[in-house]
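Spelled out from the first residue to the last, the chains are:
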Amino acid sequence: MIALVDYGAGNLTSVRKALSAIGADVWTPSVAGELGRAHGIIVPGVGHFDSTKALTDDWRTAIKTMVEDGVPLLGICVGLQWLFEGSEEAPGTPGLCVFEGTCFNLGTPSPKPPTSAKATVGRQVPSPLKVPHVGWNSIIAPRSTRLMSGVNDGSQVYFTHSYAAPVTEDAAAISEYGVPFSAAVERGNVSGVQFHPEKSGDVGLHILSNWTRWCGGSSGGARADAL
Amino acid sequence: MLSKRIIACLDVRDGKVVKGVNFEGLRDAGDPAALARRYNVEGIDEVVILDVTATIESRQARAHTIAAVAKEIFLPLTVGGGIRTEADAAAAIDAGADKVSLNSAALADPNLITTLAKRYGSQAVIVAIDAKRSRSRFEVYARSGQAATSRDAVEWAREATSRGAGEILLTSIDRDGTKAGFDCEMTAAVSDAVNIPVIASGGAGTFEHFAEVFGPGHADAALAASIFHFNEKSVSALKQHLAAVGIPVRL
């Protein structure tokens, strides 16, 4: 069973629908104590980083405990950003601090991320950039990860966000909008995607399927295997 | 690199896809879920369901149509037409829409943009602007192109952006359904005035029209209906053409 954490940040219908399509069983725990029976935890999210304040200490503790027990955790969009230390969008609202770094505004990037020569090739985005970054953009994998297994470099996925996580050694996929940013991250059993896999067609379903398989075979994966 | 998006619009009435010329003389083009399935296979980037008659007939887009389309595709899905209140928007989103498109209701009560942006995030709120050339300006029309507002499209796009809109869907009433090409001048005027993506609509007839609206028209996305519905041009062939002339698209 996959726990889809609902902390009031937008609509979970699409994520639930995509998980069902790949054969995963999903439920939305109403209290943090229910997380104990999860084989995997998803923290979704659209909108403002400040909304993650609703993930109160009981949720943070429960999620951390499960992660320490080896249960896979996946953050989507703001859910990925929450895995970092925080975001310029809501200074003072702490993230889960699994990954080092602070998420930055794509409109006024003061990027501290290490320059990736590979990621900056072909940069032709007109300036000034429109923010939010909305639409399909390509990703490349700087290393081999479980989450991005079988996804070709140059595959396109659907983004909609104004803030982004820096590129660090935890990056599992890198995209670029003016500056390079982490499109996906992975360390141990914690991973995250800045894009919306539930809105990214077959590529997105494949990535979700990689993750649910990781959670313990709850994925039938019929659709994603077609990729 | 960020791709230019190709968006298919399903103009729906009574659960069926229809498409007219200049918003009148609607003709039947089929089942929305079947069309969405076909577009998905062909590589469409997004789908918009527009209940073209909803505002006039005072009813909201039907939840079962939204759900039927949402079941077919794992792509961004926008619903417009008759979204008058926060409750209308919530019903569309609960049925499976990722974004709602506001038109007449936003003109009547611009606070609705902010209310929905706060509840669902700006990325979920598109403000649709139907505009017509009027001497040297672009005049905004409400109620499916029937009611002149005396507002200027560029000025209204700026206000919508400042109130929390995440994207602008700009339709040329003059070009809608004519296949004479997008109004690139109007699209560029609006796109240059705001810092959010602008989706151009109205007038798509040839592949070259799309290249024009992404080039001189400064559009971030282009929406079309009839060009795709009747198998006149396939989405995949369009994208191949755009890629060949150097426009970034998702292939």
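Everything here concerns the structure above.
Only a predicted model underlies this, so the values are computations on that prediction, with no experimental measurement involved.

Chemist: Describe in detail the overall build of chain A, supporting the description with residues and values.
Modeler: The helix and strand tally for chain A stands at five helices and twelve strands. The 227 residues of chain A split such that 55% are buried. In chain A, the share of contacts with a sequence separation of at least 24, taken over all contacts with a separation of at least 6, comes to 68%.

Chemist: I'd love a proper account of unusual backbone geometry, names of residues and values included.
Modeler: Excluding glycine, residues mostly carry a negative phi; peptide bonds, for their part, are mostly trans. For the peptide bond that leads from Val131 of chain A to Pro132 of chain A, omega is 10°, which places it in the cis range. Examined against the element boundaries, Pro132 of chain A turns out to sit in the loop between α4 (117-120) and β7 (133-138).

Chemist: Describe helix α2 (residues 63-72) of chain B, listing the residues and the values that go with them.
Modeler: Those residues of α2 of chain B that sit buried are Thr65, Ile66, Val69 and Ala70 of chain B. Angular distribution of buried residues about the axis of α2 of chain B spans 130°; they occupy a single face of the element. On the buried face of α2 of chain B, the contacting elements are α1 (13-21) of chain A together with β1 (5-13), α1 (32-42), β4 (46-51), β5 (77-80) and α3 (86-94) of chain B.

Chemist: Break down the environment of Gly145 of chain B for me, citing the residues and quoting the values.
Modeler: By secondary structure assignment, the location of Gly145 of chain B is in the loop between β8 (137-142) and β9 (147-152). Separated by 13 residues in the primary sequence, Gly145 of chain B and Lys132 of chain B have C-alpha atoms spaced 8.7 Å apart.

Chemist: Outline the nonpolar core, listing residues and values.
Modeler: Across soluble globular proteins, nonpolar side chains have a tendency to be buried as a group. Among the nonpolar cores identified, the biggest contains 155 residues, and Leu10, Val47, Val100, Ala153, Ile168, Ile199 and Ala222 of chain B are the most heavily contacted of them. Other than its neighbours up to four places away in sequence, Ala153 of chain B contacts Ile129, Ala131, Phe138, Val140, Leu170, Met186 and Val190 of chain B.

Chemist: For the sheet that holds strand β5 (residues 86-87) of chain A, give the residues involved together with the corresponding values.
Modeler: Residue and element names in this part refer to chain A. In space, the three strands of this open sheet follow the order β5-β6-β9, with mixed pairing throughout. The outermost strands of the open sheet, each flanked by one partner alone, are β5 and β9 (163-164). Of the strand pairs in this sheet, strand β6 (residues 102-105) and β9 are connected by two bridges, and their pairing is antiparallel. Bridge pairing in β9 places Phe104 opposite Ala164.

Chemist: An account of the interface of chain B and chain A is needed here, citing residue identities and associated values.
Modeler: Taken together, the 24 residues of chain B in the interface contact 29 residues of chain A. Considered class by class, the residues forming the side of chain B that touches chain A number ten nonpolar, seven polar and seven charged.

Chemist: So what about the pairing of β8 of chain B? Which residues, and what values?
Modeler: On any regular strand, side chains alternate: one points to one face of the sheet, the next to the other face. Residues and elements named next belong to chain B. Bridge count for strand β7 (residues 125-134) against β8 is five bridges, and the pairing is antiparallel. Bridge assignment links Ala131 to a residue of β8, and that residue is Val140. The hairpin formed by β7 and β8 contains two residues between the paired strands, and Arg135 there has a positive phi angle of roughly 50°. Relative to β9, β8 runs antiparallel, the two being bridged by three bridges. When the sheet's bridge partners are listed, Ala142 is paired in β9 with Ala147. If you look at the hairpin formed by β8 and β9, you'll find four residues sitting between the two strands, and Arg143 has a positive phi there, around 50°.

Chemist: Got a sec to walk through the sheet that holds strand β11 (residues 179-187) of chain A? Specific residues and values, please.
Modeler: Spatial strand order, β2-β1-β3-β4-β12-β11-β10 (chain A): seven strands in an open sheet with mixed pairing. Edge positions in the sheet fall to β2 (26-27) and β10 (171-177) of chain A, since each has one partner strand and no second.

Chemist: Summarise the packing of α1 of chain A against helix α5 (residues 201-214) of chain A; cite the residues concerned and give the values.
Modeler: When two helices pack together, their arrangement is captured by the angle between the axes and the distance separating the axes. Residues and elements named next belong to chain A. Between α1 and α5, the least distance of the axes is 10 Å, while the angle of their chain directions is 70°. Here α1 is positioned roughly perpendicular relative to α5, judged by the angle of their axes. In this structure, α1 contributes Ala18, Leu19 and Ala21 to the contact, and α5 contributes Leu205, Leu208 and Thr212. Taken together, the residues that form the contact of α1 with α5 break down as five nonpolar, one polar and no charged.

Chemist: Outline the packing of α1 of chain B against α2 of chain B, supporting the account with residue identities and numerical values.
Modeler: All names here are of chain B. Their axes nearest at 8 Å, the elements α1 and α2 cross at an angle of 25°. Between α1 and α2, the crossing angle belongs to the class labelled roughly parallel. Considering only the axes of α1 and α2, their crossing is right-handed. Contacts from Pro32, Ala33, Ala36, Arg37 and Asn40 of α1 reach α2 at Thr65, Ala68, Val69 and Glu72. Here the residues of the contact of α1 with α2 are counted per class, giving five nonpolar, two polar and two charged.

The rules behind the values
- Residues numbered from 1 in each chain as written.
- Chains lettered and ligands numbered in written order.
- Predicted model: local features only at pLDDT ≥ 70, side-chain atom pairs only at ≥ 80, totals over all residues.
- Helix = DSSP H or I, 4+ residues; strand = E, 2+ residues; numbered from the N terminus.
- Buried ≥ 20, exposed ≤ 12 C-beta atoms within 10 Å, placed from the backbone.
- Contact = placed C-beta atoms within 7 Å.
- Arc of directions from axis to C-beta.
- Core = buried A, V, L, I, M, F, W, Y, C linked by C-beta atoms within 7 Å.
- Pairing = 2+ DSSP bridges.
- Nonpolar A, V, L, I, M, F, W, Y, C, P; charged D, E, K, R; others polar.
- Axes fitted to C-alpha atoms, helices over the stretch in contact; angles between N-to-C directions.
- Parallel < 35°, antiparallel > 145°, perpendicular 65-115°, else oblique.
- Left-handed = near helix turned anticlockwise from the far one by under 90°.

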